[in-house]
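# Reading the structure
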Amino acid sequence: MTTRVRLGISYDGTDFTGWARQPGLRTVQGVLEESLSKVLREPLQLTVAGRTDAGVHAEGQVAHFDTESEFDAGKLMYRMAKFLPKDVRITEIRTAPPEFDARFSALRRHYAYRLTTAPYGAQPLQARGVVPCKPGVDLDAMRAASRNLLGLHNFAAFCRRRDGATTIRELQRFDWEREGDLLTAYVSADAFCWSMVRSLVGAVLAVGEGRRAPEWTTALLAETARSSSVTVAPAHGLSLIAVDYPADADLAARNAQTRESRTVPVPEGGCCGD
């Protein structure tokens, strides 16, 4: 009998070449699949909610796999804690319905991007996950620039091109919180395209540092290809902090909806200022 297993995962992405398995390279998927396959004594393949890039961290990553093995979730978690390297942890193990898909069932992904305005830079214990920025950034301007980007748009200006991949996304949250010198962006969407979160942060940081006006981010939404004027923020400031899923009864419907192609609604009177 095949059992679908859902995992909660956290990792420090510093020494990984991203999530996705790549021959000859150390990746999160590769380390986890190798370790789980040895412990459960069968070849396993993981499907993940969000494929993070090299250097990006996760506190609330989700993945699933199918297994023929019988296991106790508590005992398996304990064994994996001893078996895995210290920079990746399995934080949750539970059975899931066959319809659950870590990628296609997801309603939204939540990311945090962490900056420090301290004049001396990041504290040593934070240095692998916090990026220094100019002390005098204008937080109000950054919040205004972020609000301009909320909603369903074509985010082509913020995404690295991938053949066959859509750049239409619904950005549901993009706001900033300050705690002392720590400045954190919280970014949520139904899905993200390649490098989108780091590009969003890079664009808004340009506003905060006075190099661009807040209205500039609105103008970027009219672009149909990646904009060379948008700087991609460093990878190590970014962490996937949570993924939301519907109730079990709604999983199949969500899977079908996610696979549908989307378009940006055309405003009355024309599109895109033409």
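The shown structure was predicted, so the numbers you read here are calculated from the model rather than taken from an experiment. Once a new chain begins, its residue numbering starts again from 1 and follows that chain's sequence as written. Two thresholds apply to this predicted model, a pLDDT of at least 70 for residue-level local features and 80 or more for giving and counting side-chain atom pairs, whereas whole-chain, interface and lining totals are computed over all residues. The side-chain numbers reported here are obtained from all heavy atoms of the structure, hydrogens and water having been left aside.

## Observations regarding the state of the cysteines
- Any two cysteine sulfur atoms within 2.5 Å of one another count as a disulfide. Under the criterion given, the structure shown has one disulfide.
- The disulfide partner of C159 is C193, and the gap between their sulfur atoms is 1.7 Å. One end of the pair, C159, is in the loop between β7 (151-154) and β8 (168-179); the other, C193, is in the loop between β9 (182-189) and α4 (196-208), with 34 residues separating them in the sequence. Accessibility classification places C159 together with C193 in one group, the buried group. Per the convention used, a helix needs a DSSP run of H or I reaching at least four residues, while a strand needs a run of E reaching at least two, with both numbered from the N terminus. Each residue is assigned to one of three classes by its accessible area relative to the maximum for its type, calculated with a 1.4 Å probe on protein chains only: buried under 20%, partly exposed between the two thresholds, exposed over 50%.

## Comments concerning helix α1 (residues 28-40)
- Here α1 is 13 residues long and its end C-alpha atoms lie 18 Å apart, about the 18 Å a rise of 1.5 Å per residue gives.
- Across the 13 residues that make up α1, a large majority, 10, are buried.
- By the convention used here, residues are in contact when the closest approach between their heavy atoms is within 4.5 Å. Of the surrounding secondary structure, the elements contacted by the buried residues of α1 are β1 (3-11), β3 (57-67), α2 (73-83) and β4 (88-96).
- Where α1 ends, the next residue or the one after it, R41, has phi of about 60°, a positive value. For a helix, the expected span equals 1.5 Å multiplied by the number of residues minus one.

## Quick look at the confidence of the model for the chain
- A residue's pLDDT is simply how confident the predictor is in it, with values from 0 to 100. Mean pLDDT over the chain: 92, with 95% of residues reaching 70 or higher.
- A low-confidence stretch, residues 266-274 stays under pLDDT 50, and its non-local contacts, those more than four residues away or across chains, total one contact.

## Describing the pairing of β9
- With seven of eight residues buried, β9 is to be regarded as a mostly interior element.
- Where strand β5 (residues 108-116) meets β9, eight bridges bridge the pair, whose relative direction is antiparallel. Each residue of the ladder has a partner; that of R114, found in β9, is T184.
- For two strands to count as paired, DSSP must find a minimum of two bridges between them. Both β8 and β9 contribute to a ladder of eight bridges, which runs antiparallel. When the sheet's bridge partners are listed, L171 is paired in β9 with A189.
- The antiparallel hairpin formed by β8 and β9 contains two residues in its connecting segment, where G180 sits at a positive phi of about 65°.

## Digging into the packing of aromatic side chains
- In this scheme Phe, Tyr and Trp rings, the latter by its six-membered ring, pair at centre separations within 6.5 Å, and the angle between planes marks the pair as stacked below 30 degrees, edge-to-face above 60, and tilted otherwise. Per the stated rule, a full pass over the model turns up six aromatic pairs.
- Measuring from ring centre to ring centre gives 5.2 Å for Y111 and F192, while their planes differ by 90°; the resulting arrangement is edge-to-face. In this pair, Y111 sits in strand β5 while F192 sits in the loop between β9 and α4, placing the two residues 81 residues apart along the sequence. Exposure class is identical for Y111 and F192. Each is buried.
- Over the face of the ring belonging to F16 we find R26, whose NZ or CZ atom lies 4.1 Å from the ring centre.
- Note that R160 overlies the ring of W194, its terminal NZ or CZ placed 5.8 Å from the centroid. Counting as a charge over the ring demands two things of the Lys NZ or Arg CZ atom: a distance within 6 Å of the ring centre and an angle within 35 degrees of the ring normal.

## Side note on the pattern of salt bridges
- Basic side-chain nitrogens of Lys or Arg form a salt bridge, by our definition, when they fall within 4 Å of a carboxyl oxygen of Asp or Glu. Summed over the entire model, instances satisfying the criterion amount to 13 salt bridges.
- For R4, the salt bridge is made with D66, and the minimal N-O distance between the two is 2.8 Å. Remark: D66 occurs in strand β3 and R4 occurs in strand β1; sequence separation between them is 62 residues.
- The buried category is assigned to R4, whose relative accessible area is 18%.
- On the basis of relative accessibility, which here comes to 35%, the residue D66 falls in the partly exposed class.
- The closest approach of N and O atoms between R211 and E209, which form a salt bridge, is 2.8 Å.
- Residue E209 is classed as partly exposed on the basis of its relative accessible area, which comes to 22%.
- Residues joined by salt bridges that share partners form a network here, namely D12, D15 and R128.

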